[in-house]
Amino acid sequence: MTLKAQPKASHFIDGEYVEDTEGAVFQSIYPATGEVVATLHAATPAIVERAVASAKTAQKEWAAMSPTARGRILRRAADIIRERNRALSELETLDTGKPIQETIVADSTSGADAFEFFGGIAPSALNGDYIPLGGDFAYTKRVPLGVCVGIGAWNYPQQIACWKAAPALVAGNAMVFKPSENTPLGALKIAEILIEAGLPKGVFNVIQGDRDTGPLLVNHPDVAKVSLTGSVPTGRKVAAAAAGHLKHVTMELGGKSPLIVFDDADIESAVGGAMLGNFYSSGQVCSNGTRVFVQRGAKQRFLENLKSRTDAMVIGDPMEEATQIGPLVSKAQQQKVLAYIEKGKAEGATLITGGGIPNHVAGQGAYVQPTVFADVTDGMTIAREEIFGPVMCVLDFDDEDEVIARANATEFGLAGGVFTADINRAHRVVDQLEAGTLWINTYNICPVEMPFGGSKQSGFGRENSATALNHYSELKTVYVATGKVEAPY
Ligand code: NAD
């Protein structure tokens with residue numbers, strides 16, 4: 001297959017591709033080989049103005065349509081995405097380097113799920129309340145916010161674009177979406193497909209750029225809301241800028257989530273969950289359970305099973321169906337992850353497997369071996385900071401109260417999980433874990449029906465489920481008098 005995926009132009013505004021060659025040039029690199037896939041321009045202030053103006057105009061017409069009509073367009077887009085899943089998945093693999101084995105089932109299809117789900121609930125999920133007041137009455141309406149900005153991370157470019165667009169659009173907003181500068185391509189295709197499905201021009205726009213472009217959108221006076229998927233440091237900056245204008249925000253940020261394995265757990269399943277929660281997408285998943293607490297009685301069985309299954313993972317060309325581990329998104333990310341691995345070794349963790357660049361792909365791309373450290377202690381750097389790579393930390397524990405306290409001793413609160421055969425204990429533990437999304441006897445499954453998001457420094461607001469509509473709309477309350485006004489003067 002060709003490694004070229006040059007879009008017609010860098011941006012998609014008002015229903016068409018738009019270029020402004022004044023914008024800084026940047027390249028989309030295929031992380032498996034370092035080849036240039038496309039060359040683009042970052043948005044200039046003129047492009048930002050054009051995108052926001054287009055969204056502002058289009059939003060009025062869009063909001064005036066019935067929710068059923070809006071939903072129908074999104075459901076049509078879901079069907080088109082599914083028909084083109086192969087091509088979209090290959091593009092996602094070029095954008096991110098993630099194995100086709102994953103992108104074919106987890107990326108554009110999960111975007112389609114969001115369009116299908118929100119399109120489906122649109123006719124009934126935006127109703128208000130009738131409030132009887134003894135003759136008089138009040139009613140509430142759920143109204144859109146206006147122009148919403150979506151800013152994406154690079155790990156799930158198409159999914160993130162769809163997860164933000166679907167609830168925003170169904171609620172009657174327009175969106176300007178800025179993908180990560182590392183993965184600029186997928187969102188443009190989503191914009192094209194939405195137009196094909198019948199979306200009015202300007203309701204969903206995509207502009208390119210990096211940390212210099214984002215603030216132009218966040219600070220724009222015509223933008224009502226910002227939804228960011230990114231790291232905690234970026235979240236702090238974006239939330240602070242939005243607060244200056246009292247804008248609505250949703251923050252989907254990073255984590256260092258605990259996955260707790262009690263010694264009565266099904267070890268085969270627990271290892272499978274831990275591997276999915278550390279090595280899927282080469283570990284570049286925000287909700288990963290990167291602190292794996294294993295009860296001492298299960299430690300040996302857990303590590304033996306984990307090592308043999310990790311050593312058997314297929315690392316290689318992401319376009320090969322058999323490949324299970326592709327490269328990281330960039331050489332910069334590879335170097336960052338390798339530096340964390342060196343810190344783990346230097347601070348005294350026991351390297352069980354991995355720990356470097358796989359020999360057979362050395363020099364080819366941004367690869368890192370799936371890596372397991374055991375005997376990790378709470379104070380080690382690799383146990384405290386988000387690595388965002390295929391590095392699993394296994395920590396020992398003895399009892400329930402101890403592990404809950406240690407699991408919660410972090411500024412993050414995105415996710416967590418517990419593996420145990422004791423269902424009472426499972427509920428007791430998740431009840432006490434300080435995180436927004438939790439799993440019992442599985443890990444990292446995020447169907448669109450289920451709210452997803454973090455607490456503490458991992459963010460606020462929720463994506464997916466009908467709840468997400470509350471974050472893209474606000475209540476308008478109307479009091480209706482049925483008699484004369486009784487005034488004391
Ligand atoms: P990042 O924070 O570096 O960048 C995220 C996005 O923000 C990019 O599009 C970037 O251009 C933009 N940006 C950077 N500075 C900005 C600013 N000052 N104003 C406006 N926009 C700005 O994150 P990343 O490296 O692309 O992604 C990895 C991070 O994302 C990890 O921390 C990961 O945990 C997190 N993440 C969270 C979720 C979630 O749902 N909670 C999902 C995926 C990734």
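As named in an unreviewed UniProt entry, the protein is Betaine aldehyde dehydrogenase, taken from Rhizobium skierniewicense. The annotation that UniProt attaches to the protein under Function (unreviewed entry) is "Involved in the biosynthesis of the osmoprotectant glycine betaine. Catalyzes the irreversible oxidation of betaine aldehyde to the corresponding acid."

Just give me the short version of unusual backbone geometry, but keep the residues and values in it.
Generally, phi is negative for residues other than glycine and the peptide bonds are trans, each holding for most cases. A positive phi angle, near 55°, is found at S281, a position not held by glycine. Along the chain, S281 falls in the loop between α10 (267-279) and β13 (291-295). For S281, a relative accessible area of 1% gives the class buried. Its identity is not glycine, yet N441 carries a phi of approximately 55°, on the positive side. What makes N441 partly exposed here is its relative accessible area of 37%.

Got a sec to walk through the pattern of salt bridges? Specific residues and values, please.
When the charged atoms of two side chains lie near each other, side chains of opposite charge can form a pair. All told, the structure shown has 23 salt bridges when counted by the stated rule. Among the ionic pairs, E321 bridges to R86, the shortest N-O distance being 3.0 Å. With a gap of 235 residues between them, E321 in the loop between α11 (299-311) and α12 (331-346) and R86 in helix α3 (residues 85-96) connect regions that are remote in the sequence. Of the residues examined, E321 reaches a relative accessible area of 44% and is grouped as partly exposed. For R86, a relative accessible area of 40% corresponds to the partly exposed category. The salt bridge partner of K345 is E342, with a shortest N-O separation of 3.1 Å. With K345 and E342 both in helix α12 and 3 residues apart, the pair spans about one turn of that helix. Here E342 falls in the partly exposed class, since its relative accessible area comes to 43%. Through salt bridges that share partners, R296, K299, D375, D396 and D398 make up one connected network.

Before we move on, could you go through the sheet that holds strand β5 (residues 130-133) and cite the residues and values that matter?
Read across the open sheet, the 3 strands follow the order β5-β6-β20; overall the sheet is antiparallel. Since the sheet does not close on itself, it has two edges, and those belong to β5 and β20 (473-480), each with one partner. Neighbouring strand axes in the sheet, compared pairwise and without regard to direction, differ in orientation by 20° on average. The pairing of β5 with strand β6 (residues 136-144) spans 4 bridges and is classified as antiparallel.

Could you give an account of the packing of α3 against helix α7 (residues 186-196), naming the residues involved and the relevant values?
Viewed as axis vectors pointing N to C, α3 and α7 meet at an angle of 155°, and their least axial separation amounts to 9 Å. One finds that α3 runs roughly antiparallel with respect to α7. Contacts between α3 and α7 pair L88, L91 and D95 from the former with G186, K189 and I193 from the latter. Per-class residue counts for the contact of α3 with α7 are 3 nonpolar, 1 polar and 2 charged.

A description of the pairing of strand β3 (residues 25-29) should follow, citing residues and the corresponding values.
Side chains on a regular strand alternate between the two faces of the sheet. Alternating positions in β3 separate cleanly, F26 and S28 being buried on one face and V25, Q27 and I29 remaining unburied on the opposite face. Pairing of β3 with strand β4 (residues 36-41), which is carried by 5 bridges, proceeds in the antiparallel orientation. Counterpart to F26 in the pairing with β4 is L40. Following β3, the chain reverses through 6 residues before pairing antiparallel with β4; G34 in that reversal takes a positive phi of roughly 85°.

Describe the UniProt feature "binding site: K(+) 1" (unreviewed entry) in the protein, with residues and values.
The feature "binding site: K(+) 1" (unreviewed entry), as annotated in UniProt, sits at S28, I29 and D95 in this numbering. Their sequence span is 68 residues, while the largest C-alpha to C-alpha distance among them is just 7.2 Å; these annotated residues converge on one region. By the secondary structure assignment, I29 is in strand β3. Filtering out sequence-adjacent residues up to four positions away, I29 remains in contact with G34, E35, V36, V37, L94 and D95.

Pulling in residues and values, what's your account of the nonpolar core?
Counting residues in each nonpolar core, the largest one holds 94 residues, and the members touching the most others are F115, L169, F204, V261 and F302. Examining the composition of this core, we find that 9 residues originate from one element, helix α6 (residues 157-170), more than from any other. Taken together, domain 1 (11-253 + 458-476) and domain 2 (258-440) each give at least three residues to this core, which thus spans both. Those residues in contact with F115 that sit more than four places away from it in its chain are L74, R75, A77, A78, I81, C162, A165, A166, I190 and L194.

Pulling in residues and values, what's your account of the domain arrangement of the protein?
The domains assigned to the protein are domain 1 (11-253 + 458-476) and domain 2 (258-440). Of the residues lining the interface, 29 residues belong to domain 1; the matching set on domain 2 comes to 30 residues. Surface buried jointly by domain 1 and domain 2 totals about 2200 Å² across both partners, of which 53% is contributed by carbon and sulfur atoms. Summed over the shared surface of domain 1 and domain 2, the number is 9 residue pairs in polar contact (both at pLDDT 80 or more). For the side of domain 1 that touches domain 2, the secondary-structure elements that each account for two or more residues are α3, α4 (100-106) and α9 (232-243).

Tell me about the environment of I341, and name the residues and values.
For I341, the position within the fold is in helix α12. For I341, a relative accessible area of 0% translates into the label buried. Each C-alpha atom of the pair I341 and R84 lies 39 Å from the other, and the pair is 257 residues apart in sequence. If we ignore the near neighbours within four places in the chain, the residues touching I341 are G355, V368, T371, F373 and V391.

Could you give an account of the site of the ligand, naming the residues involved and the relevant values?
The local shell around the ligand holds 28 residues, among which G152, E181, S231, T234 and E386 are the closest. Here K178 contributes a side-chain N or O atom positioned 2.9 Å from an oxygen atom of the ligand. Separating an oxygen atom of the ligand from a backbone N or O atom of G230 is a distance of 3.2 Å. With the chains in place, 91% of the 850 Å² that the ligand exposes on its own is no longer accessible. Sorting the residues of the shell around the ligand by element identifies α8 (214-218), β10 (225-229) and α9 as the ones contributing at least two each. By residue number, the principal contributor to the shell around the ligand is α9, which donates 3 residues.

Analysis parameters
Residues numbered from 1 in each chain as written. Predicted model: local features only at pLDDT ≥ 70, side-chain atom pairs only at ≥ 80, totals over all residues. Heavy atoms only, no water. UniProt positions renumbered as here; feature names shortened; annotations may be inferred. Helix = DSSP H or I, 4+ residues; strand = E, 2+ residues; numbered from the N terminus. Buried < 20%, exposed > 50% of the residue type's maximum accessible area, 1.4 Å probe, protein only. Salt bridge = Lys/Arg side-chain N within 4 Å of Asp/Glu carboxyl O. Pairing = 2+ DSSP bridges. Axes fitted to C-alpha atoms, helices over the stretch in contact; angles between N-to-C directions. Parallel < 35°, antiparallel > 145°, perpendicular 65-115°, else oblique. Contact = heavy atoms within 4.5 Å. Nonpolar A, V, L, I, M, F, W, Y, C, P; charged D, E, K, R; others polar. Core = buried A, V, L, I, M, F, W, Y, C linked by side-chain atoms within 4.5 Å. Domains from an automatic or database assignment. Buried area = accessible area lost by both parts, 1.4 Å probe. Polar contact = N/O pair within 3.5 Å; in protein donor to acceptor, adjacent residues only side chain to side chain. Near = heavy atom within 4 Å. Areas by Shrake-Rupley, 256 points an atom, 1.4 Å probe, with all protein chains shown as cover.

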